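This is what each chain is made of:
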Amino acid sequence: MVSIDVWNASVDFPIFDAKSRSLKKLALGKVGGKIGSEGRVPIIEALHDITLSLKDGDRVGLVGHNGAGKSTLLRLLAGIYEPTRGASRIVGKVAPVFDLGVGMDPEISGYENIMIRGLFLGMTRKQMEKRVDDIAEFTELGDYLQMPLRTYSTGMRVRLALGVVTSINPEILLLDEGIGAVDAAFMAKARDRLKDLVARSGLLVFANHSDEFLAEFCDTAIWMDEGHVKMHSGLREVLTAYKGFDPFERMHEHDPTPVLSGNGGE
Ligand SMILES: Nc1ncnc2c1ncn2[C@@H]1O[C@H](COP(=O)(O)OP(=O)(O)OP(=O)(O)O)[C@@H](O)[C@H]1O
């Protein structure tokens, strides 16, 4: 059984190359975690006193303004960051999908990159060998798969990366926004694969600014605000409180706007 528990966890980033004296103005800014400058080294408090208990079957959306702590929380849940204070326990294999380009090598072929990226996401070589034809077909990259990745356009790279990501069997799937720009027809195809991926994942946490996307994949949500969990409840309740209106009322039930790019929203 997979689960993630976090108890009173905080994550601080000490900034060794910033000047404390010039920080007063920044502290009044609207985005980002609190900047403390009491000591000699300024500290950004990205997460503050987080307590969470997530279990198998949870489908959690993560919302909040820029700098609210969503990506930092995902990294804490992935075990990439240790809490500066407090504790965390992760049971299960984590597939962190934060940046589609991570684990890709520009000098090797598309085929080789499929293998490498799959291994990075926790699959075995045997499992990837079984999937490689299906991924190749999905990407529609044809002979380009024999070419080094550096010859690909941005959209072609995204196709490859999405093909691999949506082929894995994750116990814990952590998705950050910014899945990227692909053309409309491919987007629809990727959406179906993403749906299947989420359905076979044990536990999902998904940071995204698109209500339609969140509604499609999540049933609960966490609202992050200045490094705190401001609300953790049903998706509709959280989105309504966060936005100040009920976005579900405006949503077309049968024709959700496909938004795969994470840069919209705010
Ligand atoms: N590596 C780092 N070093 C220093 N500060 C960081 C680092 N990563 C994040 N922060 C700070 O932590 C706070 C939370 O950032 P985080 O990236 O988690 O926010 P976010 O909610 O994901 O934002 P966005 O929606 O803009 O992606 C911000 O104040 C940011 O400046």
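Residues numbered from 1 in each chain as written. Predicted model: local features only at pLDDT ≥ 70, side-chain atom pairs only at ≥ 80, totals over all residues.

Spatially, 6 strands are ordered 6-7-8-4-9-10 in an open sheet, and the strand pairing comes out mixed. Of all the strands in the sheet, just strand 6 (94-97) and strand 10 (228-234) have a single pairing partner and so form its edges. Ignoring strand direction, the axes of neighbouring strands in this sheet form an average angle of 15°. As defined by bridge partners, strand 7 (residues 172-175) adjoins strand 8 (residues 203-207) across 4 bridges and the pair is classed as parallel. In the strand pairing of strand 8, Leu175 is matched with Phe206. Where helix 1 (residues 70-78) meets the sheet, its contacts fall on strand 4 (59-63), strand 6, strand 7, strand 8 and strand 9 (220-225), and the angle it forms with strand 8 comes to roughly 160°. Lying over the sheet, helix 7 (residues 235-243) contacts strand 4, strand 9 and strand 10, oriented at roughly 135° with respect to strand 10. (Pairing = 2+ DSSP bridges. Helix = DSSP H or I, 4+ residues; strand = E, 2+ residues; numbered from the N terminus. Axes fitted to C-alpha atoms, helices over the stretch in contact; angles between N-to-C directions. Contact = placed C-beta atoms within 7 Å.)

All right, on to the nonpolar core then. One finds Leu62, Leu174, Phe206 and Ala221 to be the most contacted residues of the largest nonpolar core, which totals 60 residues. Looking at this core, you find at least three residues from each of domain 1 (3-93 + 202-250) and domain 2 (108-151 + 160-169). (Core = buried A, V, L, I, M, F, W, Y, C linked by C-beta atoms within 7 Å. Buried ≥ 20, exposed ≤ 12 C-beta atoms within 10 Å, placed from the backbone. Domains from an automatic or database assignment.)

Below, the discussion takes up helix 7. The set of residues buried in helix 7 consists of Leu235, Val238 and Leu239. Down the axis of helix 7, the buried side of the element spans an arc of 95°, and every buried residue falls inside it. If you follow the buried residues of helix 7, they end up packed against strand 4, helix 6 (211-217), strand 9, strand 10 and helix 8 (247-250). Taken from the residues just after helix 7, Gly244 is the one with a positive phi, measuring 85°. (Arc of directions from axis to C-beta.)

With that settled, the discussion passes to the domain arrangement of the protein chain. Interfaces are frequently sized by the accessible area removed from exposure as the parts join. Its domain assignment divides the protein chain into domain 1 (3-93 + 202-250) and domain 2 (108-151 + 160-169). Between domain 1 and domain 2, the C-alpha centre-to-centre distance is 31 Å.

Along helix 1, the positions that sit buried rather than exposed are Lys70, Thr72, Leu73, Leu74, Leu76 and Leu77. At the C-terminal side of helix 1, Gly79 shows a positive phi close to 85°.

The sheet built from 4 strands is open, its strands ordered 2-3-1-5 with antiparallel pairing. Only two strands of the sheet have a single neighbouring strand rather than two, namely strand 2 (34-36) and strand 5 (85-91). Across the sheet, the axes of successive neighbouring strands diverge by a mean angle of 30°, strand direction being ignored. The sheet contact formed by strand 1 (residues 3-14) and strand 3 (residues 43-55) spans 9 bridges and is antiparallel. Pairing of Phe13 across the sheet is with Ile44, part of strand 3.

Turning our eyes to something else, we now look at the site of the ligand. As a structural note, the neighbourhood of the ligand is formed by 14 residues, with Gly32, Ala46, Asn66, Ser71 and Thr72 the closest of them. Elements supplying a minimum of two residues to the shell around the ligand: strand 3 and helix 1. Considering every element that reaches the shell around the ligand, the biggest residue donor is helix 1, with 3 residues. Split by residue class, the shell around the ligand holds 5 nonpolar, 8 polar and 1 charged. (Near = placed C-beta within 6 Å. Nonpolar A, V, L, I, M, F, W, Y, C, P; charged D, E, K, R; others polar.)

So, about the environment of Arg191. Structurally, Arg191 can be placed in helix 5 (residues 184-199). Separated by 25 residues in sequence, Arg191 and Glu216 place their C-alpha atoms 9.9 Å apart.

With 6 bridges joining them, strand 1 and strand 5 adopt antiparallel strand pairing. Note that in strand 5 the partner of Ile4 across the bridge is Ile90.

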